[in-house]
Protein chains: 2
Amino acid sequence: QMPRGNLETVHHRALVLAQLRKWLDSLQFKEAFMCMRKLRINLNLIYDHNPKLFLDNAETFITQLSSINHINLFLTELKEEDTTQTMYPRSEDARLPPYKVPGTKVDVVCDALRNTMESMDPNKYCLSILTAHVRKTVPELEIALQKVHELRVNPPAAAVGAVSAEEALKYLLFLVNVNDLYEHSLGTYDFDLVLMVAEKSQKDPKEYLPFLNMLKQLEPNYQRYTIDKHLKRYNKALVHLSQCGKEHFPEVLQLVKEQKLYTEALHLFATDTTQYKELTIAFAEHLVGQQQMEQAGLLLWRCGETHSALQSFVSCCSWRHALCVAQLIPLPPDQLALLARDMAEKLSEQRRYAEAALLLDQYANDCEEAILALITGAVWDEALRLIHTHRRQDITETNLKPALLEAFSSQTAFLEAQMSTFTRHRNRLAVVREQKLKARADMLDEEGPDCVDAELYSEASSVLTGSKYSQSNSRISSRSSKNRRKAERKKLSLKEGSPMEDRALIHALGEIITTVDKMREEVHGLLKMLVLFESERQAQRLQEQYAAALSLLESAVTEVWPDNTALNNTTLTGPNSTANSISASFQQQIPAAAAPQAQAQDAEILVAPKMRNNIKWKLTV
Amino acid sequence: QMPRGNLETVHHRALVLAQLRKWLDSLQFKEAFMCMRKLRINLNLIYDHNPKLFLDNAETFITQLSSINHINLFLTELKEEDTTQTMYPRSEDARLPPYKVPGTKVDVVCDALRNTMESMDPNKYCLSILTAHVRKTVPELEIALQKVHELRVNPPAAAVGAVSAEEALKYLLFLVNVNDLYEHSLGTYDFDLVLMVAEKSQKDPKEYLPFLNMLKQLEPNYQRYTIDKHLKRYNKALVHLSQCGKEHFPEVLQLVKEQKLYTEALHLFATDTTQYKELTIAFAEHLVGQQQMEQAGLLLWRCGETHSALQSFVSCCSWRHALCVAQLIPLPPDQLALLARDMAEKLSEQRRYAEAALLLDQYANDCEEAILALITGAVWDEALRLIHTHRRQDITETNLKPALLEAFSSQTAFLEAQMSTFTRHRNRLAVVREQKLKARADMLDEEGPDCVDAELYSEASSVLTGSKYSQSNSRISSRSSKNRRKAERKKLSLKEGSPMEDRALIHALGEIITTVDKMREEVHGLLKMLVLFESERQAQRLQEQYAAALSLLESAVTEVWPDNTALNNTTLTGPNSTANSISASFQQQIPAAAAPQAQAQDAEILVAPKMRNNIKWKLTV
């Protein structure tokens with residue numbers, strides 16, 4: 001070899017690469033390979049230069065290289081990196097149409113070459129084939145070992161280049177860590193192979209022989225289970241263990257619980273077996289621990305554990321299912337009534353009055369309580385139905401009518417309060433906007449268009465970008481987006497003079513619109529009842545008040561959410577504008593790229609809440 | 001008088017106005033008035049110059065003018081127009097703080113001067129007071145007539161300037177059309193007054209005397225009713241007629257029907273009277289004609305017309321109320337069952353299966369049909385409950401389980417279809433955006449930054465402003481906003497190459513997200529049933545598919561609705577940008593002020609649909 005630094009070995013890289021590309025394009029792989037090897041150019045380029053061309057001509061590549069060592073060298077040097085993007089960028093006009101390989105580059109090349117070699121001459125390319133297995137992203141050690149084992153069982157005819165099992169194993173041990181290989185050989189459940197690897201390794205026979213002997217004495221399935229467990233392959237372990245017969249079922253259960261393999265285990269047993277039932281119960285217990293009461297109940301129910309199922313359903317207020325299993329048990333009538341009453345109470349606490357009433361009426365046989373629950377929940381229609389079904393018109397006088405008048409009072413008072421808050425916020429918003437516009441104009445006048453502070457006072461910027469507040473956001477980007485959103489909301493303070501006051505006001509106004517708009521159904525129901533019970537004055541007042549409220553909200557929408565948020569900027573490109581003035585006002589319009597989150601949220605605030613004007617709620621009063 | 005054109009009468013208007021303003025500011029109303037009268041300057045300026053000052057000094061104004069004629073002249077010339085805005089604009093720095101009067105200007109001035117004159121000397125200013133009544137926006141002719149009548153009944157002591165009833169009436173007739181005055185005198189129900197006016201008019205006594213004589217013979221309330229009706233004051237007519245006794249009730253009913261005064265009439269009769277009932281029935285009939293069946297039913301119900309009420313309730317599917325009245329009638333059990341069955345069928349047609357089931361179960365005593373309705377409606381929980389309540393587990397096998405598997409198939413197929421459409425639209429959107437960006441860049445390159453056509457190809461502009469399509473909108477601004485919105489939607493064609501294709505795609509993508517996101521509850525319910533009936537494979541598949549769909553949608557959101565809609569513009573103010581380039585890109589960002597409607601709608605499209613990630617739907621499968 002020439003000494004380093006000799007002028008003859010110095011090549012201009014661009015020239016070399018150009019030559020290489022020519023060779024590769026004309027499928028002269030051998031020339032390219034030798035040159036690259038000599039000049040230490042990354043061999044990945046052979047593939048990267050034109051992936052499709054390479055894959056289509058894998059056989060040519062193998063034939064030309066011919067040498068096992070060279071093929072192995074190429075395989076060993078494969079990396080995910082695309083060298084035409086990093087080390088050896090292409091010139092602009094040599095771009096290839098994008099070619100997408102199915103899977104990762106390394107795996108694709110390994111599989112393609114291996115398939116080619118196997119179809120050409122599996123014996124000759126034996127070592128390269130093993131290399132291709134081992135070099136994959138997830139090394140296929142077991143397949144490689146299996147091939148070595150085959151060589152031992154069926155030694156190839158002494159053809160040219162054929163290798164023995166011995167040699168192959170030696171080569172594998174050179175490529176892979178010996179302990180990894182030993183573990184994987186165990187995973188083949190083939191003790192010959194294990195011994196072969198163990199002997200080649202520097203392991204102490206006193207260590208592995210007793211373990212192997214112990215394994216050999218076990219029943220085949222249990223043996224495989226033991227190995228799988230040793231290798232932490234719990235799914236496989238479970239499958240093998242499940243085939244070991246009933247006496248090993250406690251171990252199954254333990255394994256399932258330890259490794260949380262519930263759903264996997266359930267697939268392994270017939271649904272009518274006791275094992276299936278025991279597994280189901282274990283699963284249900286696990287789900288209870290995870291607070292997934294309803295699914296636990298369903299599992300217990302389906303395997304006949306009705307009492308436990310009942311408990312689960314009750315604890316998650318899944319009252320319909322609870323009733324089903326209660327009737328399956330079957331609970332005696334008085335206990336069923338008690339159960340219904342208990343659940344009704346829980347449901348009432350959750351404001352689910354209609355469901356509570358159904359329980360009280362149909363299962364506790366207490367129509368009075370049922371009607372009272374419906375009245376409390378303002379489910380007027382249903383209350384009336386039960387009153388008439390049970391001929392309890394007395395309750396109409398004693399409870400329903402007073403409740404209706406009370407509902408009328410509270411609704412009108414609520415509407416009044418909402419409207420006064422709305423008007424206050426709306427007026428304040430007008431003031432804040434005026435102030436911001438003025439402050440911004442002053443700023444621009446005083447300090448010229450480049451003044452960044454002006455942005456602080458710009459109404460448009462605070463609505464569009466959140467100005468400086470959105471930037472402080474990026475500092476806390478490690479928080480979850482939910483938290484960030486929460487933090488963002490917090491900054492929206494309604495306190496007078498707060499920097500985001502305008503946005504806070506817009507937000508609050510939107511909330512009021514949504515709240516009041518949601519009342520349509522409620523108001524409609526109440527109006528009907530007021531008409532039915534001749535409280536027409538009240539119906540009239542409520543209808544007028546609600547209609548007035550809706551029209552006030554509707555009329556405010558265009559004012560609070562002006563269609564054109566940048567209205568005051570439209571004249572900025574007039575004849576009197578300068579590059580600086582355009583640029584300055586433009587900056588205030590640019591959404592801050594640093595704060596996409598705030599931007600998205602601002603877009604929400606920018607859009608007026610939808611009013612459901614299609615919902616008819618008015619009567620003729 | 002000097003001949004016209006004489007130089008002495010020519011005044012420089014600005015000088016005159018300046019002098020007038022001085023006088024008005026120093027409360028020299030007399031001088032101002034005389035000058036204005038002479039130079040034919042609109043008298044409204046006296047008030048408009050400083051409304052608050054004028055109102056605060058109304059007494060000074062009256063005292064200075066003193067002449068009834070002058071005061072009348074001023075009152076007669078009053079107009080709503082603000083002359084300082086139109087004829088005699090103020091100089092910039094003489095702007096007053098805005099002063100808002102309660103009501104319209106003419107009414108405010110009339111009332112203020114009238115009150116002042118009445119407190120000063122009602123006799124002296126009698127004619128001016130009458131003028132103030134007559135000049136109001138809605139002339140108060142009756143009050144004026146009443147005052148004339150008073151003068152006749154109690155003639156004032158012969159004080160200075162006191163006028164007789166005769167004179168006052170004459171003056172009124174000079175101000176107001178005689179027929180109007182006659183009608184209004186009738187409205188006072190005072191025949192003396194009527195005769196007084198009639199005599200002064202040129203009406204033929206043969207015409208009005210028989211009518212007046214006929215009226216005089218009537219019972220007082222019926223007399224007033226007749227007059228009110230003659231004057232088309234139907235509300236008053238109704239009140240008076242309602243006081244005429246039962247024999248006139250048919251007339252009441254006719255009046256109410258003709259003038260649709262139902263609610264007004266109901267207030268005039270006690271609720272326990274037959275009249276009230278008859279009116280209610282008439283009202284209900286009217287509401288039926290207006291397709292307001294439910295309220296009609298409520299009215300008929302409350303007045304005991306249960307059969308008609310039942311009909312109304314049935315026709316509008318108000319089944320709870322229908323049952324109430326059916327039980328009040330009471331319908332015999334077999335008819336009630338038939339009724340329940342009929343309504344259940346209607347409800348099923350409207351996909352209200354849970355309600356249909358309740359009717360079938362509780363009123364038609366047909367639990368099987370009830371359960372089948374619930375299964376059809378995929379109301380699994382409730383179907384199970386009824387199955388167990390009625391111990392009809394056989395239906396689980398024959399209907400429930402097959403329905404579950406079918407629901408599984410249709411849900412997975414639906415999800416698949418939605419996802420493939422979603423991916424197609426999403427890919428196409430990327431292509432369209434790319435094309436627009438490229439086309440826009442080309443345009444800018446070729447024709448320079450002032451090219452307006454470039455905007456046509458700008459993705460940002462089409463999303464933000466709707467470009468030229470929003471302008472065409474202004475041509476149809478006479479249409480209702482609903483129609484406009486519809487027209488706007490129509491333009492969103494998904495056809496390849498349509499100018500708004502990107503917006504149409506975004507809209508379609510948003511719709512798919514909303515639809516799929518809405519399935520959470522449905523999928524959750526189905527998953528539970530699949531687990532209960534040991535169809536865990538299906539549960540697994542559905543859960544995986546739905547989770548994958550949701551995460552695909554979620555991941556697309558930032559791509560379809562990029563947080564930063566003007567991302568490609570952020571570098572435009574870099575060191576290489578010129579005033580022109582800034583201006584050009586800025587123009588594309590400006591929302592078109594001409595199309596606020598499109599803008600609002602665009603804002604909607606700009607905002608990604610909300611996904612309800614807080615709704616837990618997954619099981620552990």
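Scoring rules and cut-offs
Residues numbered from 1 in each chain as written. Chains lettered and ligands numbered in written order. Predicted model: local features only at pLDDT ≥ 70, side-chain atom pairs only at ≥ 80, totals over all residues. Heavy atoms only, no water. Helix = DSSP H or I, 4+ residues; strand = E, 2+ residues; numbered from the N terminus. Buried < 20%, exposed > 50% of the residue type's maximum accessible area, 1.4 Å probe, protein only. Contact = heavy atoms within 4.5 Å. Areas by Shrake-Rupley, 256 points an atom, 1.4 Å probe, with all protein chains shown as cover. pLDDT = per-residue confidence, 0-100. Phe/Tyr/Trp six-rings, centres within 6.5 Å; stacked < 30°, edge-to-face > 60°. Axes fitted to C-alpha atoms, helices over the stretch in contact; angles between N-to-C directions. Parallel < 35°, antiparallel > 145°, perpendicular 65-115°, else oblique. Left-handed = near helix turned anticlockwise from the far one by under 90°. Nonpolar A, V, L, I, M, F, W, Y, C, P; charged D, E, K, R; others polar. Salt bridge = Lys/Arg side-chain N within 4 Å of Asp/Glu carboxyl O. Arc of directions from axis to C-beta. Polar contact = N/O pair within 3.5 Å; in protein donor to acceptor, adjacent residues only side chain to side chain. Core = buried A, V, L, I, M, F, W, Y, C linked by side-chain atoms within 4.5 Å.

Chemist: Where do I start with the overall build of chain A in this structure?
Modeler: Scanning chain A from terminus to terminus reveals 35 helices and zero strands. Counting all 621 residues of chain A, 48% fall into the buried class. Within chain A, contacts between residues separated by at least 24 positions form 62% of all contacts whose residues are at least 6 apart in sequence. Just so you have it, chain A exposes about 31000 Å², and 52% of that area is on carbon and sulfur atoms.

Chemist: Explain the confidence of the model for chain A to me, please; I cannot follow it from the model alone.
Modeler: As a note on interpretation, predicted positions should not be read in detail where pLDDT is low. Residue and element names in this part refer to chain A. Residues of chain A with pLDDT of at least 70 account for 82%, and the chain-wide mean is 83. Scored below 50 in pLDDT, residues 457-479 shows 60 contacts in the model against residues more than four places distant or in partner chains. Within the model, the stretch residues 564-579 combines pLDDT values under 50 with 29 contacts to residues more than four positions away or in other chains.

Chemist: What is the right way to read the packing of aromatic side chains from this model?
Modeler: The geometry of an aromatic ring pair is captured by two quantities: the separation of the ring centres and the angle between the planes. Counting across every chain of the model gives 26 aromatic pairs over all chains. Ring plane angle 40 degrees and centroid distance 5.7 Å describe the contact between Phe 54 of chain B and Phe 74 of chain B, whose orientation is recorded as tilted. Of this pair, Phe 54 of chain B sits in helix α4 (residues 51-56) while Phe 74 of chain B sits in helix α6 (residues 68-77), placing them 20 residues apart in sequence. Summarising the burial analysis for this pair, Phe 54 of chain B and Phe 74 of chain B share the class buried. These aromatic residues form a ring-pair network of at least three members: Phe 29, Tyr 47, Phe 54, Phe 61 and Phe 74 of chain A.

Chemist: Would you take a moment to explain the packing of helix α10 (residues 165-175) of chain B against helix α12 (residues 191-200) of chain B for this structure?
Modeler: Describing two packed helices takes the angle between their axes plus the distance from one axis to the other. Residues and elements named next belong to chain B. Interaxial distance between α10 and α12 falls to 11 Å at its minimum, and their mutual angle equals 60 degrees. What the angle tells us is that α10 and α12 run oblique. Seen from above, α10 lies across α12 with right-handed handedness. Only Met 196, Val 197 and Lys 200 of α12 make contact with α10, whose side of the interface consists of Glu 166, Leu 169 and Leu 173. The residue inventory of the contact of α10 with α12, partitioned by class, reads four nonpolar, no polar and two charged.

Chemist: Just to check I follow, could you spell out the environment of Glu 305 of chain A for this structure?
Modeler: Mapping Glu 305 of chain A onto the fold places it in the loop between α19 (293-302) and α20 (306-315). For the pair Glu 305 of chain A and Lys 277 of chain A, spaced 28 residues apart in sequence, the C-alpha separation works out to 8.9 Å.

Chemist: What's the story with the pattern of salt bridges in this structure? I'm lost.
Modeler: Pairs can form between side chains of opposite charge whenever their charged atoms are close. For the coordinates displayed, the defined rule picks out 56 salt bridges over all chains. Between Glu 140 of chain A and Lys 136 of chain A there is a salt bridge, with the nearest N and O atoms lying 3.2 Å from each other. A salt bridge links Asp 517 of chain B to Arg 520 of chain B; the nearest nitrogen and oxygen atoms lie 2.7 Å apart. Across the pair, Arg 520 of chain B and Asp 517 of chain B agree in class, each one buried. One connected set of salt bridges, linked through shared partners, spans Asp 111, Arg 114, Glu 118, Lys 136, Glu 140 and Lys 147 of chain A.

Chemist: Got a minute to help me understand helix α16 (residues 249-259) of chain B in this structure?
Modeler: Quick reminder: α-helices carry 3.6 residues per turn. Residues three or four places apart thus point the same way. Residues and elements named next belong to chain B. Buried within α16 we find Phe 249, Val 252, Leu 253, Leu 255 and Val 256. An end-on view of α16 places all buried positions within 165 degrees of arc, on one side of the element. Turning to α16, the residues buried within the fold contact α14 (220-230), α15 (234-242), α17 (262-266) and α18 (274-289). Downstream of α16 by a residue or two, Lys 260 has a phi angle that is positive, lying close to 55 degrees.

Chemist: How should I be thinking about the environment of Glu 536 of chain A in this particular structure?
Modeler: In this fold, Glu 536 of chain A is placed in helix α33 (residues 536-560). Each C-alpha atom of the pair Glu 536 of chain A and Val 621 of chain A lies 7.1 Å from the other, and the pair is 85 residues apart in sequence. Discounting chain neighbours no more than four positions away, the residues touching Glu 536 of chain A are Leu 530 of chain A together with Leu 266, His 267, Tyr 276, Leu 299 and Arg 302 of chain B. One polar contact links Glu 536 of chain A to Arg 302 of chain B, side chain to side chain, over a distance of 2.9 Å.

Chemist: Any chance you could explain the side chain of Lys 136 of chain A here in plain terms?
Modeler: Residues and elements named next belong to chain A. Tracing the backbone through its elements, the reader meets Lys 136 in the loop between α8 (126-134) and α9 (141-153). There is a polar contact of 2.9 Å between the side chain of Lys 136 and the side chain of Asp 111. Contact partners of Lys 136, with chain neighbours within four places excluded, come to Asp 107, Cys 110 and Asp 111.

Chemist: Explain the nonpolar core to me, please; I cannot follow it from the model alone.
Modeler: A general trend in soluble globular proteins is that nonpolar side chains are found buried together. Membership of the largest hydrophobic core comes to 202 residues, with the highest contact counts inside it found for Trp 301, Leu 359 and Trp 380 of chain A together with Trp 301, Leu 359 and Trp 380 of chain B. Ignoring any residue separated from it by four or fewer positions in sequence, one finds Trp 380 of chain B in contact with Ile 375, Leu 400, Ala 403, Leu 404, Ala 407, Gly 525, Leu 526 and Met 529 of chain B. Counting residues in hydrophobic clusters, the runner-up holds 37 residues, among them Ala 32, Ile 46, Ile 62 and Cys 110 of chain A.

Chemist: So what exactly am I meant to see when it comes to the packing of α16 of chain B against α18 of chain B here?
Modeler: Residue and element names in this part refer to chain B. Running from N to C, α16 and α18 point in directions that differ by 25 degrees, and their axes come no closer than 11 Å. It follows from the interaxial angle that α16 and α18 lie roughly parallel. Relative to α18, α16 is oriented so that their crossing is right-handed. Along the contact surface, α16 presents Phe 249, Leu 253, Val 256 and Lys 257, while α18 presents Gln 275, Glu 278, Leu 279 and Ala 282. When grouped by side-chain class, the residues that make up the contact of α16 with α18 number five nonpolar, one polar and two charged.

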